[in-house]
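A look at the structure
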Amino acid sequence: MSVKFSNFTNEDRRIVDSLGCFSVLEHYRDQSVAPSNAISEYYMSEMGVRRRQLVVDLDGRNTLVTQAGAMQWLFGDINATTGLKGVGDLFGKMVKGAVTKESAVKPEYVGTGRIVLEPTYKYIILQEVSDWGKNGMSIEDGMFLACEGSVEHKIASRTNFSSAIAGNEGLFNLSLRGKGVVALESNVPASEVITVDLDNDVLKLDGSFAICWSTSLQFTVERSSKTLLGSAVNGEGLVNVFRGTGRVMISPTAPNTGSLFRTTHD
């Protein structure tokens, strides 16, 4: 871009991660506070509870797909489209949105310039989809923030529907494949995420700790023991099970979304 941005980054706002055309802007200190909340804002910042924004630079060859309503501002010759290719495509995306709890129609931005998304208190994790193999990656509900337009969106289903319902788990997840970067909203930073690479093996999780996983893995919800009595004795009940060869990224702590939200203009 020929345009120069002044004071976009400074000692209070820094780029902390980047991949491809994506960058993560973190607000280390917010000086636009009132006396009534200055103390809480200070300690939030000290504990790493900070606003973060996804910044995407488009060069005319790449496009950006985001969750609906995620854009804060943009600059340049950029146009927003629905990315729909007809009535059939709209119906398909409505079905995907209904089963994956994501927005049915995601805006697609085309052109040359810079796009900055709304601030979020969650952590933004960047991943190259092609690194997850030809079948791509599946992500936990509600974690999708944005991706390059070259990334293909599919639906991945769990093998045993009955146990998923019994465990209060969703039947479907958003699956991404192809080449391009995706940005995920996570309750924990990338530095705390545990990565497990399975080689024809089994991983069991007692709860929704998986952030994303290889779509090639068989994903089921099962009893933690082979018998109902065994499950009752060990106190675990149902667990999420990943089988096969692939990768799983795990949050080390249970999701806590009480104060982790995307902000709007204050």
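It should be noted that the structure appears before, not after, this text.
Residues numbered from 1 in each chain as written. Predicted model: local features only at pLDDT ≥ 70, side-chain atom pairs only at ≥ 80, totals over all residues. Heavy atoms only, no water.

Of regular secondary structure, the protein chain possesses 4 helices and 15 strands. Here the protein chain holds 266 residues, and 43% of them are scored as buried. Within the protein chain, counting contacts between residues at least 6 apart in sequence, those at least 24 apart form 79% of the total. Summed over its atoms, the accessible surface of the protein chain is roughly 13,800 Å², and 52% of this surface lies on carbon and sulfur atoms. (Helix = DSSP H or I, 4+ residues; strand = E, 2+ residues; numbered from the N terminus. Buried < 20%, exposed > 50% of the residue type's maximum accessible area, 1.4 Å probe, protein only. Contact = heavy atoms within 4.5 Å. Areas by Shrake-Rupley, 256 points an atom, 1.4 Å probe, with all protein chains shown as cover.)

Overall, the coordinates contain 11 salt bridges when judged by the stated rule. The partner of Asp57 in a salt bridge is Arg114, and the shortest N-O contact between them spans 2.7 Å. Highlighted residues: Asp57 in strand S3 (residues 52–66) and Arg114 in strand S5 (residues 108–117), separated in sequence by 57 residues. The class of Asp57 is partly exposed, set by a relative accessible area of 26%. Between Asp59 and Arg61 there is a salt bridge, with the nearest N and O atoms lying 2.8 Å from each other. Among the ionic contacts, a cluster of salt bridges with common partners joins Glu11, Asp12 and Arg29. (Salt bridge = Lys/Arg side-chain N within 4 Å of Asp/Glu carboxyl O.)

Within this structure, the stated rule accounts for 8 aromatic pairs. Ring centres 6.1 Å apart and planes at 80 degrees place the aromatic pair Phe8 and Trp73 in the edge-to-face group. Pair noted here: Phe8 is in the segment before strand S1 (13–19) and Trp73 is in strand S4 (residues 71–81), with a separation of 65 residues, a long-range link. Assessed through its relative accessible area of 31%, Trp73 is described here as partly exposed. Judged by centre distance (4.4 Å) and plane angle (10 degrees), the ring pair of Phe219 and Phe242 falls under stacked. (Phe/Tyr/Trp six-rings, centres within 6.5 Å; stacked < 30°, edge-to-face > 60°.)

Another point: the pairing of S5. Within S5, 8 of the 10 residues are buried, which leaves the element mostly enclosed by the surrounding structure. Where S3 and S5 come together, 8 bridges link them in antiparallel fashion. Residue pairing for S5: Leu64 is matched across the bridge by Tyr109. (Pairing = 2+ DSSP bridges.)

Turning our eyes to something else, we now look at a nonpolar patch on the surface. Residues Ile39, Tyr42 and Tyr43 make up a contiguous nonpolar surface patch of roughly 390 Å² in combined accessible area. Of note, Tyr43 is situated in helix H1 (residues 38–46). The class of Tyr43 is exposed, set by a relative accessible area of 53%. (Patch = residues over 30% accessible without salt bridge, like charges linked within 9 Å, V, L, I, M, F, W, Y side chains within 5 Å.)

On to the environment of Leu176. Topologically, Leu176 is positioned in strand S10 (residues 172–178). Put simply, Leu176 and Trp132 are 44 residues apart on the chain and 9.4 Å apart in space, counted from C-alpha to C-alpha.

A separate point is unusual backbone geometry. Residue Asn7 is not a glycine yet carries a positive backbone phi of 65 degrees. One can find Asn7 in the segment before S1. Within the chain, Asn200 stands out as a residue other than glycine whose phi angle is a positive 50 degrees.

Here we come to the nonpolar core. Grouped together as the largest cluster of nonpolar side chains are 19 residues, with contacts concentrated most on Met137, Leu176, Val182, Leu184 and Cys212. The set of elements that each furnish at least two residues to this core consists of strand S7 (137–139), strand S8 (144–148), S10, strand S11 (181–186) and strand S13 (210–214). Apart from residues lying up to four places away in sequence, Val182 is in contact with Phe22, Ile125, Leu126, Gln127, Val129, Met137, Phe144, Ala146, Cys147 and Leu176. The next biggest cluster of nonpolar side chains, apart from the first, holds 18 residues, and it includes Phe22, Leu58, Ile124 and Leu145. (Core = buried A, V, L, I, M, F, W, Y, C linked by side-chain atoms within 4.5 Å.)

When you line up the elements, Thr220 lands in strand S14 (residues 218–223). A polar contact is formed between the side chain of Thr220 and the side chain of Glu222, at a distance of 2.7 Å. (Polar contact = N/O pair within 3.5 Å; in protein donor to acceptor, adjacent residues only side chain to side chain.)

Attention now goes to the environment of Val33. Take Val33: it is sitting in the loop between strand S2 (22–27) and H1. Judged by relative accessible area, Val33 falls into the partly exposed class, the value being 28%. Beyond its immediate stretch of four places on either side in the chain, Val33 contacts Ala38 and Glu41.

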